[in-house]
Number of protein chains: 2
Amino acid sequence: MSERDGAAEGANRDGSAEDDDRADRLANTPGKGITPEAADVEPAGPEEFGLVQAWWGGGKGKTTAALGLGMRAVGHGYRVHLLQFMKGGTASVEAVRGEYNAIAALPGFSYETTGHFGWHGFLDGSDDDEHAARAEAALARTRELVDAAGAADLDAPLPLEGDPEDGVHLLLLDEALYAANRDLIDPDDLVDLVENKPDRLELVLTGGHESPDYLLDSADLVTEVRKVKHPFDEGQRARKGAEY
Amino acid sequence: MSERDGAAEGANRDGSAEDDDRADRLANTPGKGITPEAADVEPAGPEEFGLVQAWWGGGKGKTTAALGLGMRAVGHGYRVHLLQFMKGGTASVEAVRGEYNAIAALPGFSYETTGHFGWHGFLDGSDDDEHAARAEAALARTRELVDAAGAADLDAPLPLEGDPEDGVHLLLLDEALYAANRDLIDPDDLVDLVENKPDRLELVLTGGHESPDYLLDSADLVTEVRKVKHPFDEGQRARKGAEY
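An unreviewed UniProt entry lists chain A under the name Cob(I)yrinic acid a,c-diamide adenosyltransferase, from Halorarum salinum.

Visitor: Explain helix α7 (residues 187-195) of chain A to me, and be specific about the residues and the numbers.
Guide: All names here are of chain A. Within α7, burial applies to Pro 187, Leu 190, Val 191, Leu 193 and Val 194. All buried residues of α7 fall inside an arc of 160° around its axis, so they share one side. Across α7 from its buried face, at more than 90 degrees, point the exposed residues Asp 188 and Glu 195. Buried-residue contacts for α7 involve β1 (52-56), α5 (128-151), β4 (170-174), α6 (176-181) and β5 (202-206). Its side-chain oxygen 2.8 Å from the backbone nitrogen of Asp 188, Asp 186 forms the N-cap of α7.

Visitor: An account of the pattern of salt bridges is needed here, citing residue identities and associated values.
Guide: Tallied over the full model, the rule gives 21 salt bridges over all chains. In this structure, Arg 239 of chain B engages Glu 202 of chain A in a salt bridge whose closest nitrogen and oxygen atoms are separated by 2.8 Å. Here Arg 239 of chain B, found in the segment after β6 (221-229), pairs with Glu 202 of chain A, found in strand β5, and the two come from separate chains. Given the relative accessible area of 1%, Arg 239 of chain B is considered buried. By relative accessible area, Glu 202 of chain A is classed as buried at 0%.

Visitor: Residue-level account of the confidence of the model for chain A, with values.
Guide: Residue and element names in this part refer to chain A. Here chain A averages 82 in pLDDT, while 78% of its residues score no lower than 70. Here residues 1-18 scores under 50 on pLDDT; set against residues more than four positions off or in separate chains, the count is 35 contacts. Within the model, the stretch residues 24-31 combines pLDDT values under 50 with 16 contacts to residues more than four positions away or in other chains.

Visitor: Give me the lowdown on a negative patch on the surface, citing residues and values where you can.
Guide: Residue and element names in this part refer to chain A. A surface patch of negative charge is lined by Glu 136, Asp 183, Asp 186, Asp 188, Asp 192, Glu 195, Glu 210 and Asp 217. Considering each element in turn, the negative patch owes the most residues, three residues, to α7. Checked against the element boundaries, Glu 136 lands in helix α5. Judged by its relative accessible area of 35%, Glu 136 falls in the partly exposed class.

Visitor: Let's hear about the pairing of β5 of chain A: which residues, and what values?
Guide: Residues and elements named next belong to chain A. By the criterion of burial, β5 is predominantly enclosed, with five of the five residues buried. Of the two faces of β5, the one lined by Glu 202, Val 204 and Thr 206 and the one lined by Leu 203 and Leu 205 are each fully buried. The pairing of β1 with β5 spans four bridges and is classified as parallel. Pairing of Val 52 across the sheet is with Leu 203, part of β5. Here β4 pairs with β5 via four bridges, running parallel. For Leu 173, the partnering residue across the bridge sits in β5 and is Leu 205.

Visitor: I'd love a proper account of the packing of helix α3 (residues 62-75) of chain A against helix α4 (residues 98-105) of chain B, names of residues and values included.
Guide: Axis separation between α3 of chain A and α4 of chain B bottoms out at 7 Å; the angle between their running directions is 95°. When the axes of α3 of chain A and α4 of chain B are compared, the pair comes out roughly perpendicular. Contact residues: α3 of chain A offers Met 71, Arg 72 and Gly 75 of chain A, while α4 of chain B offers Gly 98, Glu 99, Asn 101, Ala 102 and Ile 103 of chain B. For the contact of α3 of chain A with α4 of chain B, a count of residues per class yields three nonpolar, three polar and two charged.

Visitor: So what's going on with the packing of aromatic side chains? Residues and values would help.
Guide: Any aromatic ring pair is given by two values, namely how distant the centres are and how the planes are angled relative to each other. All names here are of chain A. A full pass over the atoms with the stated rule returns four aromatic pairs over all chains. Ring geometry for Phe 49 against Tyr 78: centres 5.2 Å apart, planes inclined by 75°, an arrangement best described as edge-to-face. Here the residue Phe 49 occupies a position in the loop between α2 (17-27) and β1, and Tyr 78 occupies one in the loop between α3 and β2 (80-84), the gap between them amounting to 29 residues. Taken individually, Phe 49 and Tyr 78 each receive the classification buried, so the pair is uniform in this respect.

Definitions and cut-offs
Residues numbered from 1 in each chain as written. Chains lettered and ligands numbered in written order. Predicted model: local features only at pLDDT ≥ 70, side-chain atom pairs only at ≥ 80, totals over all residues. Heavy atoms only, no water. Buried < 20%, exposed > 50% of the residue type's maximum accessible area, 1.4 Å probe, protein only. Helix = DSSP H or I, 4+ residues; strand = E, 2+ residues; numbered from the N terminus. Arc of directions from axis to C-beta. Contact = heavy atoms within 4.5 Å. Polar contact = N/O pair within 3.5 Å; in protein donor to acceptor, adjacent residues only side chain to side chain. Salt bridge = Lys/Arg side-chain N within 4 Å of Asp/Glu carboxyl O. pLDDT = per-residue confidence, 0-100. Patch = residues over 30% accessible without salt bridge, like charges linked within 9 Å, V, L, I, M, F, W, Y side chains within 5 Å. Areas by Shrake-Rupley, 256 points an atom, 1.4 Å probe, with all protein chains shown as cover. Lys, Arg positive; Asp, Glu negative; His and termini not counted. Charge placed at Lys NZ, Arg CZ, Asp CG, Glu CD. Pairing = 2+ DSSP bridges. Axes fitted to C-alpha atoms, helices over the stretch in contact; angles between N-to-C directions. Parallel < 35°, antiparallel > 145°, perpendicular 65-115°, else oblique. Nonpolar A, V, L, I, M, F, W, Y, C, P; charged D, E, K, R; others polar. Phe/Tyr/Trp six-rings, centres within 6.5 Å; stacked < 30°, edge-to-face > 60°.

What follows is the structure, encoded as structure tokens:
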């Protein structure tokens, strides 16, 4: 008896026919895993959304985690929107960012940005006024989307191809914390947003290398993405398909 | 004219007409962002893949980041496979995990698991032999997939709907580090895997609350996902659409 046979036995806990099928497939593919049967995504309303999540830190994975969160949620049929306050790493949007095409391929996932491509001028400060205007625009746009979510029934399914102005279940505010760190927007405005959001709207904020202390009371889940080792330190540039 | 019209153009630094248009449109849509035009995903080969990335830590975001990485890569047309060594959070696979359906909706992204659903027996240790057998099977399967990648031309596009046995550009080994932490597999086997992978295969390992010190020399990018504040600490269970 191989180790796979053992794996086939406790594969499930409820003894249904589907479970037996799955167990058989597993037993018959020694050394191989199993692939669950995918279902088409049907519109659904989340039962347990409504928290505020924040990711910050010097490591890689903040925007990446936001993408993964969005992916998981749209896989359940929820409506997700990603709004990027600012964005570095490449000089232009066209066809360089894998996330755009992947978002477009996922039903219920939409995207927009107000920010620059590239963190132009951040080293010498020359473009801060323009960055601030764009970050303020993102904040205004966020308020609009939060209000729209408040007017929608977030317990119910929403049209997967609908406008974000019709409400979303999960709103991802990428680099919002970085914009606050940079004083491009007022952290108090983010706190106000978080504390006055609709109860059932799940809100995710990412960005920045400094702890968003101002959010620690009102956020439910805060994660630091800490750099242990990063090839950027050895001169590696951002790579297509990995960092954008 | 809606902000969506602005999406057709793009912000660039090269002074093209499209850049001016986009800037104008942005200026004319205060408080609103733009949406870049999505392209259909066409098969492509990555130019810069070949690193080893690792995520570990007590915070939320390790599997989530792996999903986001996969999403970004398939958006560029690369072939991605996610192999889960083990998985907790729910008692069965059927229809509960948003990531499965979302992966299935993304061209070029495939998935399999060898693990349990639920970390059964981990508190009292009763199921460790079975967990070890499954984790060993995942390791054997990983070697098979790494060998397949070595036999493929990873500079070239791969069929998006092809079997992972035909090679992939990016292999995500979810919870592999947790399996090593738990002594279900030998960390030396992971080191051997990482050090002998094909040069152009990008390898990502996640999992565990302890630093994978054995990997620090051979991995290129290591990130700790550190819990600052988590609702689990206050009794919140894993939520559909957020944690699975």
